[in-house]
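Topology and contacts: notes
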Amino acid sequence: MTTTGTTAFNLDMNDLIEEAFERAGLEVRTGYDFRTARRSINLLTIEWANRGINLWTIEQNQIPMVTGQVIYPYPVDTIDMYDTVIRTSAGVASNQTDINISRISESDYLTIPNKLANGRPIQVWIQRYNAQNSPLGLTLASSIGATDTTITLNTTVGLPASGFVQIESEIINYSYITGNTLNNCFRAQQNTVAVPHLTGATVLWAQIPAITVWPTPDAAQQYTFAYWRLRRTQDAGGGVNIMDVPFRFIPCMAAGLAYYIAGKIPPGAERLAFLKSQYDEAWELAAYEDHEKAALRFVPRQQFLGNTI
């Protein structure tokens, strides 16, 4: 007797849904059963994100900083950032230096007296917007070219003091507002393309997740905001797709989906308490395995005060 020699077992969506229905004492009979199960899978992965860190969704990314630009967008599928540094470089890899940048709250950022001071960024405020566009009845009061850095609107009522707007397919960052004019604009954000726009074009407030750094990056050297992020789990796809989870979470997903389905389809409600206990146990096992195993070390922050006598 020989073993298979393979370790590739997984469940595509069809098999996963069938397993969950069987655990709930049900059968997949209609297309609606498949649709409601797929919806539950997406809700289940969101629940997991709210429970804490999922190691398989951790990714490293970086944002090149531009002299004079304070606000920078980051990927909209980011749940949160948990490690951030400012990387300085003189153009030679051997001269690269990573320096910690402190995360501050909105209230801390608000109390900074001079938000346009220039230097190496040492603090960052992370704005977790919902990535939606809001129509506020804004339009271009005059046409703009592809390189213009001031944009005049019919009104700026409803726009925050700094942030992003979308004109047609282009996303633009502005630093401040005077009257109805957006000033110090940085064009072509979020991998869009800077193009001319005509008078009367619709302007949307783009609520893009972004970081705001302080001080404002200066021209002394090249700065890069490097970070580790938690991204969203990929959506459930078609029946032949497998889920964006590691193998150790497959039993947990099957148990969680069975619990979700039993709560929606009456015959399965008889097993609801049992399925809940199964799901909780499967989650504990998977979550315990899915944790950082490196030693944890705490280093106190030292502060030296001068003689006040």
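This report concerns the structure included in the present document.

What counts as what
- Residues numbered from 1 in each chain as written.
- Predicted model: local features only at pLDDT ≥ 70, side-chain atom pairs only at ≥ 80, totals over all residues.
- Heavy atoms only, no water.
- Buried < 20%, exposed > 50% of the residue type's maximum accessible area, 1.4 Å probe, protein only.
- Helix = DSSP H or I, 4+ residues; strand = E, 2+ residues; numbered from the N terminus.
- Pairing = 2+ DSSP bridges.
- Contact = heavy atoms within 4.5 Å.
- Polar contact = N/O pair within 3.5 Å; in protein donor to acceptor, adjacent residues only side chain to side chain.

Quick word on the pairing of strand 7 (residues 123–127)
Taking burial as the measure, the 5 residues of strand 7 include 4 buried ones, the bulk of the element. Bridge count for strand 5 (residues 102–104) against strand 7 is 3 bridges, and the pairing is parallel. Counted as the bridge partner of Ile104 is Trp125 from strand 7. Note that strand 7 and strand 16 (residues 210–214) share 5 bridges and pair antiparallel. For Gln123, the partnering residue across the bridge sits in strand 16 and is Trp214.

Looking at the environment of Met243
Relative to the helices and strands, Met243 is located in the loop between strand 18 (222–231) and helix 4 (250–262). C-alpha of Met243 to C-alpha of Ile41: the two residues are 202 residues apart in sequence and 9.1 Å apart in space. Non-local contacts of Met243, meaning those with residues more than four positions away in its chain, are made with Leu11, Met13, Leu16, Ile41, Ala236 and Met253.

Describing the environment of Asp98
Position of Asp98 relative to the elements: it lies in strand 4 (residues 97–100). If near-sequence neighbours (up to four positions away) are discounted, Asp98 is found in contact with Val85, Ile86 and Arg87. Polar side-chain contacts of Asp98 include one of 2.7 Å to the side chain of Arg87.

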